[in-house]
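Here is what each chain is made of, one letter per residue.
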Amino acid sequence: MPAHLDAALPHSTNGFAWAASPLPPESLPGGAPLAATASALDQLTPWSPDLSAALYKIDGWGATYFSVNTAGNIAVRPHGAATLPHQEIDLMKAVRKAIDPKPAGGLGLRPPLLVRFPDVLRHRLESLHAAFDLAVRSNGYGSRYQGVYPVKCNQDRYVVEDIVEAGAPFHFGLEAGSKPELLLAMSCLLRGSSEAFLICNGYKDAEYVELALTATALGLNAIVVLEQEEELLTVVDACRRLGVRPAIGLRAKLRTKHAGHFGSTSGEKGKFGLTTAQILSVARRLQRLEMLDCLQLLHFHIGSQIPTTALLADGVSEAAQIYCELARLGAAMRVIDVGGGLGIDYDGTRSACSDASVGYELEEYAAAVVRAVRDACDRRRMRHPIICSESGRALVSHHSVLVFEVLSSSSCSGAAEPVPVGPDVAHLLEGLVDYRSLAAAAMRGEYETCLLYAEQLKRRCVERFKDGLLGLEHLAAVDGLCELLAKENGAAAPVRAYHVNLSVFTSLPDFWAIGQLFPIAPIHRLDQRPGVSAVLQDLTCDSDGKVDRFIGGRSSLPVHELDGGDGRYFLGMFLGGAYQEALGGAHNLFAGPSVVRVEQSEGPHCFAVTRAVPGASCADVLRAMQHEPEVMFEGLKGRAEECGGGGAAAAVGRQLARAFNSMPYLVRGGGERGGAGDGRGDDDVEEWDLIRGLTV
């Protein structure tokens, strides 16, 4: 290697070995680059949890439910702004309780982990009702608000039961869009208020309608909402067969719509609802059948994540006019259902310009709805109806946090760790024109020119590699040289890939499917400066299994260096309590995470884990795909006995049983058992196998 290049180029301790001793950046011709100096000065600034909260925008999207505590961990405020300091839940402590081995006092669950906070769920419901109650009282509204939860947002049994229980004082009900959803809604509402609505949406056949009328016969306040004109005949036939007089609603297809992704199901070309001509036709047919008194509700849906209250008020005003017209025609109208659309602020900007945020607060939304209905009815001298909404996303998004672990990291550029440059490699590089030009530019202190020649050198070497003229060592050396020059020239640190124990397709399906952004942040070490920019790559064998877009317009996430020792690094995905669990797939047969339910308590740790459910095992996911794990196990165990027999076959049997019974996700450390895994070692595998139906 030429001596002048060795003197001109800075040296690194990252393994890219040059002949001379390392030189500090200030030995570069012309002094250290300005960007490198600024970065060094920035590193001298003390870091704090408050700076982390600002960096990850936690004070924005976290609303009143999430913050960073003095220990540098995410804190959950289960009662929102009313949470007292001693009631805050340290998320990292709750995670440790869940994943630590049983002998250490933990529950022995394997990550990824879905942590539910039912106190947050209850607070969201109470806040929604309080906002509408305030709007009703302050605007002189002559009726009340009585909402429903659309179970499609999250059909988990305990989520639905918590909502029914917390909503009973407010006569809060449920909405169903399919037969199984209707069955679970009927069952859950048996323990709710008798006045709670059971809104029956979705396309319907005779079985669906008969089930809805059965709900009415059982004393539930069911309303069958017609999505299509022909459904009226199905309802009429069913009520005659069963002898049950139905409560009927109509879904109107409004002209009002918003332009974002979530507005695609609204407007005149929307998927659901009746046109004005069809609404008139249904009303006249009911009149001829002497059933016009059964028509009691008007429903509409502008679209999810309505961006502004101006658009909301426009749609509600249009629907309220249709409501008044139906009342004028003689229908016994009493409820206007404004549907979903109450949005949440995923990115903390409170902006109406993207699908990731909305430009209003909960109270502003409620006031806009109440005023629009009041004004329309007052102009027509109509009685104010009960206002119903189907605000699922706003209810359940905040109540759960998906926690997952980073297993390892690598370079996103694909370059291997820099390797020593031997004499043969140096000799070949010196023969390249771009290499000599690079050396000359370094001598002159022309940093930008250095980078230009480095990229040209890289391209030339790739071409020669493809022609078989260079070896793999040469290509690796050139990659290392380019990275070294970029680093010493003050360029931004290269983005790294953090490999996470997660499936994007299972746990963040909306990110993959529609580009929905969710807040992601470390749940601990937030009192330390993050020194790495990373994209997240999941476990699946799919190039789409990555997260490379984050809130704030970032293409990478600020994260901390991974601890080379026993330290573990956990990230959290927030505001994912709506839709993700129901929409998640099983790509590569990765199933859902383990689940814990954490409630605020007055104990020393401010929380109690009231429910813990291990994630689905390999046997569970295989069974879901019509395989028979028990038969598979017996076949494999039989082959082991044929091949080896004796103790070796028994050991193979235990290994197979453990594999069938374990979660599909990776166990940190390769063979770790009874630690951060499922809390089961070799001694108790037989008992577990008997539970699972696999006998060694």
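Residues numbered from 1 in each chain as written. Predicted model: local features only at pLDDT ≥ 70, side-chain atom pairs only at ≥ 80, totals over all residues. Heavy atoms only, no water.

Re the overall build of the protein
- If you tally the helices and strands in the protein, you get 25 helices and 21 strands.
- The proportion of buried residues among the 696 residues of the protein is 52%.
- Total accessible area on the protein is roughly 29600 Å²; 53% of this is exposed by carbon and sulfur atoms. (Helix = DSSP H or I, 4+ residues; strand = E, 2+ residues; numbered from the N terminus. Buried < 20%, exposed > 50% of the residue type's maximum accessible area, 1.4 Å probe, protein only. Areas by Shrake-Rupley, 256 points an atom, 1.4 Å probe, with all protein chains shown as cover.)

So, the UniProt feature "modified residue: N6-(pyridoxal phosphate)lysine" (unreviewed entry) in the protein
- The feature "modified residue: N6-(pyridoxal phosphate)lysine" (unreviewed entry), as annotated in UniProt, sits at Lys152 in this numbering.
- Looking at the element boundaries, lysine 152 is found in the loop between β5 (148-150) and α7 (157-167).
- The exposure class assigned to lysine 152 is partly exposed, which follows from its relative accessible area of 43%.
- Sequence-distant contacts of lysine 152, that is, excluding residues within four places in its chain, are made with Glu181, Tyr579 and Ala582. (UniProt positions renumbered as here; feature names shortened; annotations may be inferred. Contact = heavy atoms within 4.5 Å.)

Quick look at the environment of histidine 123
- Topologically, histidine 123 is positioned in helix α6 (residues 118-138).
- Note: C-alpha distance between histidine 123 and proline 78 (45 residues apart in sequence) is 7.5 Å.
- When residues no more than four places from it in sequence are discounted, the contact partners of histidine 123 are Tyr65, Pro78, His79 and Gly80.
- Separated by 3.1 Å, the side chain of histidine 123 and the backbone oxygen of histidine 79 make a polar contact. (Polar contact = N/O pair within 3.5 Å; in protein donor to acceptor, adjacent residues only side chain to side chain.)

A short note on the packing of aromatic side chains
- Applying the stated criterion across every chain yields a total of twelve aromatic pairs.
- Between the aromatic rings of tryptophan 61 and phenylalanine 66, the centroid separation amounts to 6.0 Å while the plane-to-plane angle is 45°, which identifies the pairing as tilted. Phenylalanine 66 matches tryptophan 61 in its accessibility class, with the two residues each being buried.
- Taking the centre distance of 5.2 Å and the plane angle of 70° together, the rings of phenylalanine 505 and tryptophan 512 count as edge-to-face. (Phe/Tyr/Trp six-rings, centres within 6.5 Å; stacked < 30°, edge-to-face > 60°.)

Details of the pattern of salt bridges
- Using the criterion set out here, one finds 32 salt bridges in the structure.
- One salt bridge connects glutamate 634 with lysine 637, and the closest N-O pair in it is separated by 3.8 Å. Of this pair, glutamate 634 and lysine 637 both sit in helix α23 (residues 629-643), separated by three residues, roughly a single helical turn.
- Relative accessible area serves as the criterion here: at 41%, glutamate 634 is assigned to the partly exposed category. (Salt bridge = Lys/Arg side-chain N within 4 Å of Asp/Glu carboxyl O.)

Here's the deal with helix α11 (residues 276-288)
- Spanning 13 residues, α11 covers 19 Å between terminal C-alpha atoms, matching the ideal 18 Å at 1.5 Å per step.
- Inspection of α11 places Ile279, Val282, Ala283 and Leu286 among the buried residues, and these make up the whole buried set. When α11 is viewed along its axis, its buried side chains cluster within an angular range of 95° and face the same direction. Exposed and oriented more than 90 degrees from the buried face of α11 are Ala277 and Arg288.
- Packed against the buried residues of α11 are β8 (221-226), α10 (231-242), β9 (248-251), β10 (295-299) and α12 (309-328). (Expected span 1.5 Å × (residues − 1). Arc of directions from axis to C-beta.)

Regarding the environment of phenylalanine 465
- Structurally, phenylalanine 465 can be placed in helix α17 (residues 447-466).
- By relative accessible area, which is 32% here, phenylalanine 465 ends up partly exposed.
- Along the backbone, phenylalanine 465 and leucine 475 are ten residues apart, and their C-alpha atoms lie at a distance of 7.4 Å.
- The residues touching phenylalanine 465, leaving out its near neighbours within four places in the chain, are Leu470, Gly471, Leu472 and Leu475.

Side note on unusual backbone geometry
- A cis geometry characterises the amide bond from proline 111 onward to proline 112, with omega recorded as 5°.
- Tracing the backbone through its elements, the reader meets proline 112 in the loop between α5 (91-99) and β4 (113-116).
- Located in the positive-phi region is glutamate 290, a residue other than glycine, with phi close to 55°.
- Residue classification places glutamate 290 among the exposed residues on the basis of a relative accessible area of 65%.
- Look at tyrosine 579: it is not a glycine, yet its phi comes out positive at around 75°.
- You can see tyrosine 579 is positioned in the loop between β19 (569-573) and α21 (580-583).

Comments concerning the pairing of β19
- In terms of burial, β19 is a largely internal element, five of the five residues being buried.
- Here β19 shows two buried faces, one formed by Tyr569, Leu571 and Met573 and the other by Phe570 and Gly572.
- The pairing of strand β15 (residues 520-522) with β19 spans three bridges and is classified as antiparallel. Note that in β19 the partner of isoleucine 520 across the bridge is methionine 573. (Pairing = 2+ DSSP bridges.)

A look at the sheet that holds strand β3 (residues 89-90)
- With respect to topology, three strands assemble into an open sheet ordered β1-β2-β3, the strand pairing being antiparallel. Strands with a single pairing partner mark the edges of an open sheet, and in this sheet they are β1 (66-68) and β3.
- Pairing of strand β2 (residues 74-76) with β3, which is carried by two bridges, proceeds in the antiparallel orientation. Looking across to β3, one finds that valine 76 is bridged to isoleucine 89.

As for the packing of α23 against helix α24 (residues 646-661)
- Two numbers describe how α23 lies on α24: the axes approach to 9 Å, and their chain directions differ by 155°. With respect to each other, α23 and α24 are oriented roughly antiparallel. The two elements α23 and α24 meet at a crossing, and its hand is right-handed. Each of Pro629, Met632, Phe633, Leu636, Lys637, Ala640 and Glu641 in α23 lies in contact with α24, whose residues at this interface are Ala649, Val652, Gly653, Leu656, Ala657 and Phe660.
- Among the residues forming the contact of α23 with α24, the class breakdown is ten nonpolar, one polar and two charged. (Axes fitted to C-alpha atoms, helices over the stretch in contact; angles between N-to-C directions. Parallel < 35°, antiparallel > 145°, perpendicular 65-115°, else oblique. Left-handed = near helix turned anticlockwise from the far one by under 90°. Nonpolar A, V, L, I, M, F, W, Y, C, P; charged D, E, K, R; others polar.)

Things to note about the sheet that holds β8
- Overall, parallel pairing links the eight strands, which are arranged β5-β6-β7-β8-β9-β10-β11-β12 in an open sheet. Because the sheet does not close on itself, it has two edges, and the strands there are β5 and β12 (386-388). Within this sheet the neighbouring strands show an average axis-to-axis angle of 25°, counted without direction.
- As defined by bridge partners, β10 adjoins strand β11 (residues 335-337) across three bridges and the pair is classed as parallel. Within β11, the position partnered with leucine 298 by the bridge is isoleucine 336.
- In the packing of helix α9 (residues 206-217) onto the sheet, contacts are made with β6 (173-176), β7 (197-200) and β8, and the angle to β8 comes to roughly 155°.

Quick word on the side chain of histidine 398
- For histidine 398, the position within the fold is in the loop between α14 (392-396) and β13 (400-411).
- Excluding residues within four positions of it along the chain, histidine 398 makes contact with Trp61, Tyr65, Phe66, Val120, Arg124, Ile344 and Leu575.

Details of the packing of α6 against helix α13 (residues 362-379)
- It is at 8 Å that the axes of α6 and α13 come closest, and there the two elements cross at 45°. By the angle between their axes, α6 is oblique relative to α13. Of the two possible hands of crossing, α6 and α13 adopt the one that is right-handed. Facing α6, whose interface residues are Ser127, Leu128, Ala131, Phe132, Ala135 and Val136, α13 presents Leu362, Glu363, Tyr365, Ala366, Ala367, Val369 and Val370.

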